[in-house]
Amino acid sequence: MFTPESMEQLHVVFYERDVVSVADALVKQGSLQLIDSAEMETWAENLKPAGTGETSVQLREKQELLESMFHQLGVKPDLGRARLPEEPWSEIDARINKLRSELNGLLSMQEETGRELNRLRELHDRLQAAPRTSLPVGSGESTTYLAVETGRVANENLGILENSLQSVLHVFSRIGEFGGMTTVVLVSLRRDQEKLKKALREAGAQPVENQKESDILTPEAIRHMESQISDIQKKFDQHTEKIREFTDKQVRFLSDAYYHIKREALKQRILKYFRKTEHTYLISGWIPAKERESLIAEIRHATRNRCIVESLTADEVQAVRDGRISVPVKMNNPRLIKPFELITGAYGLPAYRTVDPTPVLGLSFLVMFGMMFGDVGHGLVLALAGLFFLLKGGSEIRKHIGLLLCYVGSSSMIFGFLFGSLFGFEDLSWLPPLWFRPMESMNTLIKVCLYFGIGMIMASMLLNMVNAIRLKKFWHVIFNKAGLVAVWFYWSGIVLVSRVISKSGAGHNEDLAGIATVVLVSSLVLLFFNEPIVHLLEGKKRAFPEGVVSGLISGLIEVFEIVLGFLANTVSFVRIAAFGLVHAGLAMAVFALSDAVGGGVGSVFVIIFGNIFIILLETLVVSIQTLRLEFYEFFGRFFQEGKLGYRPVNTELK
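Let us look at the structure shown here.

Rules and cut-offs
- Residues numbered from 1 in each chain as written.
- Predicted model: local features only at pLDDT ≥ 70, side-chain atom pairs only at ≥ 80, totals over all residues.
- Heavy atoms only, no water.
- Helix = DSSP H or I, 4+ residues; strand = E, 2+ residues; numbered from the N terminus.
- Rg over C-alpha atoms; globule rule 2.2 N^0.38 Å.
- Buried < 20%, exposed > 50% of the residue type's maximum accessible area, 1.4 Å probe, protein only.
- Contact = heavy atoms within 4.5 Å.
- Areas by Shrake-Rupley, 256 points an atom, 1.4 Å probe, with all protein chains shown as cover.
- Lys, Arg positive; Asp, Glu negative; His and termini not counted.
- Charge placed at Lys NZ, Arg CZ, Asp CG, Glu CD.
- Salt bridge = Lys/Arg side-chain N within 4 Å of Asp/Glu carboxyl O.
- 1 Å grid on protein atoms, 1.4 Å probe; cavity = no way out; pocket = protein on both sides within 12 Å on 5 of 7 lines; lining within 4 Å.
- Points joined across faces, edges and corners; volume = space filled by probe spheres on them.
- Nonpolar A, V, L, I, M, F, W, Y, C, P; charged D, E, K, R; others polar.
- Pairing = 2+ DSSP bridges.
- Core = buried A, V, L, I, M, F, W, Y, C linked by side-chain atoms within 4.5 Å.
- Phe/Tyr/Trp six-rings, centres within 6.5 Å; stacked < 30°, edge-to-face > 60°.
- Lys NZ or Arg CZ within 6 Å of the ring centre and 35° of its normal.
- Patch = residues over 30% accessible without salt bridge, like charges linked within 9 Å, V, L, I, M, F, W, Y side chains within 5 Å.

Attention shifts here to the overall build of the chain. Of regular secondary structure, the chain possesses 20 helices and twelve strands. Rg of the C-alpha trace for the chain: 39 Å, well past the compact-globule value of 26 Å for 654 residues, more than 25% over. Dimensions of the chain, computed from the C-alpha atoms along their principal axes, are close to 125 × 90 × 50 Å. The 654 residues of the chain split such that 45% are buried. Put simply, of all contacts in the chain between residues at least 6 apart along the chain, 78% involve residues at least 24 apart. Carbon and sulfur atoms provide 59% of the accessible area of the chain, an area that totals close to 34400 Å². Taken together, the 70 basic and 72 acidic charged side chains of the chain have centroids lying 3 Å from each other.

So, in C-alpha cells, the structure goes:
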C-alpha cells in the first residue's frame, strides 16, 4: 500500500527440448510479463526469435467454433472457474462435435417452430382485424389484404394439400363433405394467393360453383387457429427448455475446453518473446517480487532443474537506470481500497517507486462527497444501489463500482446524520443534527471546507517530497515548487491571512506575525532563485544556462504561478460548501413546489420524484466536482505518471 509493488527482472536460459514445458509453466503460473530480451540487451538482438506469435489454424478454428456455440447459447464462457479437461484432445474434439450437432438440432427445431408460430400469429392478427363478412363459395374471392380460395378435394388428397401449404401462412377450413370429397376454404395474405392456387392444383381440387354464401371467418376457424398457436407455443417452450437444460449441463465442459484452447493458443503466441541459440532458449520479463519464487519453482520443475535463472531488482537493471526501458507498474492496495484504483487509473498509473495516492484519495473522496451530498435517505438509496451491483455479480469492474456506490452512500448517510437531513427534511424532531445544519451555519461550513482544502494541499506537498526522496532527487525536496520552501511560504501566508481576518490583538500574536512575515519573504526569495540554486548544488557550471535575464524572468513567472496556484487551489475547496448548500437548496425547492401543488397525492408525487431527481443529478454533479478537486488541486502537485502498466501472461486468459 502507498507504493506500487516491487518488481524484479527475470532472465532464464534453458535447453531447446524444454521449450514446450517452459511455455506451459509460464502460462500456468501466469505472473510473468514477458519482454523481448533485445529491448534490454543489445547483444540479444543477434539471437533469433523462437516463433512468430501466430496461433495455428487448427486452434483458431477450434476457438471460433466454441465462440460460435457460446453465441448461439447466449452465454459467455465462465473462465473464472474453468479447469483444464482431463481427456486427451481427440476425446475433447469428438465431444465438442457431438455437442455441436445436438445443439444445431435443438436450435433448428426451435427456429422452425418459432417461424411457424410467428406466421400463425401474424395471420391470426390479420384475421382478427378483418371484417366479419360472408362470401359466395367460389374461387378467387378476396378482401382488402386477405385472399380466399376454395375447392373440392378428394378426402385421400387432403394430406397432400396440407403438406403443400406448410410453408404458407393460411387458415384451412372444411365447410362440407359429400361423396368422398371435402369442400375447403383457404384464407391467406394476398401475397400468397398464387401459392394457394398451386396447392389446390397439386391436390387435384375441383372448382366450386357459386352456391350459397358461407362465412369465411367462422368463430370455429379462429378458435382452431388459436388452438394451433397454443400447441405450437408449447412446442416452442419445450425446445427452449431443452436448450436451457443443454446450456446448464454443458457450459462447464465448454468453458473448460475453451480455456484449454486459449491456453494452448497463448503458449504459441508467447514464443515471439523467446530468443534462441543453436541449442538453448532465453526468456526475459518482469515479475512482482513476491511472485518470483513461485515462478522459479515452476520453471525448475518444468526443466527438471536444467536451467539458469537470474533475477535483478528494478534498481539493478542498467537499462532502467539509463532510462531506456520503463518498469511496469502494478498498484498494491488492500481489497477494500481497490475500487478507488478505478479513480486513480482514470488520471494515470503512478510511476514506479513513487507514491500511490489511492488510499489518501479514497478517504478524501468520501469526505468531500459526503459533505456535498449529506443526506441519510439519499445515501441509503446509493448504498442499496451499490449492494444490488455487488449481489448481482458480474465482472470485477462492476463489483468495484458497486462497492464504490456503497462507500459513497455510507459517507452521505454519515454526513446526513451530522447535518440532520433525511430525504431533504431538515426539521425532523427525532433527527437533530449531530454537528450543524449547512443552511443555518454557512460560515462554519465554509471554514471547515477551507481547512480541509489546506490539509489536502499540505498532503500533496508532503507526497511530493516523499516522491523526491524515493527518486533520489534530494534537492527537489527543498527547492521544488511543492517542496519544503513552498511549505514554509504557504504556511506563513496562511498565518498572516488568518491574522488579518481574525484581527488578533498584540502580544505573542504580533511576534508570530513578524516571524511569519520573515519566513514568507525569505521563502519567496528562495522560490524565485530556486532554479539557479539547484543548478549550483547539482554541480552545473552555470547557474543560468539560458542567460541571467531569461533566468530571472523565468523565476518571476514561476513565483507568480506558485502564489496564484496556492491561492486558487485553496479557494477552490469552497466549492465543497457551495455544493453542500446547493444540495440543501434543491430539497427546499422540491418542498416549495410540493406546497404549491396543495397537498394530497400530488404533493407526495412531487416529493418522491423530486428526491429521485436530486439523487440522479447530485450524484453526477458531486462526483464530477469531487474528481475535479482530487485531480487538479491534489494530484497536480505530486503525481508522476508511469509509462507502462503491468500485464502478466495470464491477462489474456481472463
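Now that the structure has been shown, we can carry on.
What follows concerns the pattern of salt bridges. Here the structure, examined in full by the defined rule, presents 23 salt bridges. One salt bridge connects Arg244 with Glu241, and the closest N-O pair in it is separated by 2.5 Å. Of the two residues, Arg244 and Glu241 both sit in helix H6 (residues 219-269), three residues apart, roughly one turn of that helix. A relative accessible area of 42% places Arg244 in the partly exposed class. Since its relative accessible area comes to 32%, Glu241 is described here as partly exposed. Connected through shared salt-bridge partners, Asp24, Arg263, Glu264 and Lys267 make up one network.

Let's shift gears to the layout of surface pockets. In this structure, the second largest pocket encloses a volume near 660 Å³. Along the walls of the second largest pocket sit 23 residues, with Glu116, Gln166, His170, Gln228 and Ile232 positioned nearest its centre. Going through the elements one at a time, helix H3 (89-129), strand E7 (170-178) and H6 are the ones with two or more residues in the lining of the second largest pocket. Residue contributions to the lining of the second largest pocket peak at seven residues, all from H3. For the lining of the second largest pocket, the per-class residue count stands at nine nonpolar, six polar and eight charged.

This next bit is on the pairing of strand E1 (residues 7-15). Here E1 lies mainly inside the structure; seven of its nine residues are buried. Across nine bridges, E1 lies against strand E11 (residues 280-288) in antiparallel orientation. The partner of Val13 across the bridge, within E11, is Leu282. Sheet topology places E1 next to strand E12 (residues 307-313); seven bridges connect them, and they run antiparallel. By the bridge assignment for E12, Leu10 is matched with Ser311.

As a further point, take the nonpolar core. Of all hydrophobic cores here, the largest spans 58 residues; its most connected members are Phe340, Met461, Tyr490, Phe566 and Ile576. When residues in this core are grouped by element, the largest group, ten residues, is from helix H13 (residues 442-470). Core analysis: the next-biggest nonpolar cluster, separate from the first, contains 47 residues, Val22, Leu59, Leu103 and Cys307 among them.

Counted according to the given criterion, the structure contains 26 aromatic pairs. With a centroid separation of 5.8 Å and an interplanar angle of 75°, the aromatic rings of Phe70 and Tyr258 are classed as edge-to-face. Of this pair, Phe70 sits in helix H2 (residues 57-73) while Tyr258 is found in helix H6, placing the two residues 188 residues apart along the sequence. Exposure class is identical for Phe70 and Tyr258. Each is buried. Taking 4.7 Å as the distance between ring centres and 90° as the angle between the ring planes, the aromatic pair formed by Phe528 and Phe529 counts as edge-to-face. Taking relative accessible area as the criterion, Phe528 reaches 21% and is therefore assigned partly exposed. Given a relative accessible area of 33%, Phe529 falls into the partly exposed group. In textbook terms, an aromatic cluster arises when at least three aromatic residues are bridged by ring pairs, as seen for Tyr347, Phe631, Phe634, Phe635, Phe638 and Phe639. Note that Arg17 overlies the ring of Tyr15, its terminal NZ or CZ placed 5.5 Å from the centroid. The ring of Trp89 has Lys62 lying over it, and the distance from NZ or CZ to the ring centre is 4.0 Å.

Turning our eyes to something else, we now look at a nonpolar patch on the surface. Nonpolar side chains collect at one region of the surface, where Val604, Phe605, Ile608, Phe609, Ile612 and Leu616 lie side by side and expose about 600 Å² of accessible area between them. In this fold, Phe605 is placed in helix H20 (residues 600-634).

Bringing empty space enclosed by the protein into the picture now. Within this structure, the stated rule accounts for three cavities of 30 Å³ or more. In this structure, the largest cavity encloses a volume near 50 Å³. In terms of lining, the largest cavity is formed by Met371, Met372, Gly374, Phe419, Ser421, Glu426, Pro438, Gly580, His583 and Ala584. Counting only elements with at least two residues in the lining of the largest cavity, the list comes to helix H10 (358-372) and helix H19 (574-597). No other element matches the three residues that H19 contributes to the lining of the largest cavity.

Take unusual backbone geometry next. The phi dihedral of Asn305 is positive, around 70°, even though this residue is not glycine. Along the chain, the position of Asn305 falls in the loop between helix H7 (292-303) and E12. The phi torsion at Lys472 lies on the positive side, around 60°, for a residue other than glycine. Within the fold, Lys472 resides in the loop between H13 and helix H14 (474-479). What makes Lys472 exposed here is its relative accessible area of 59%.

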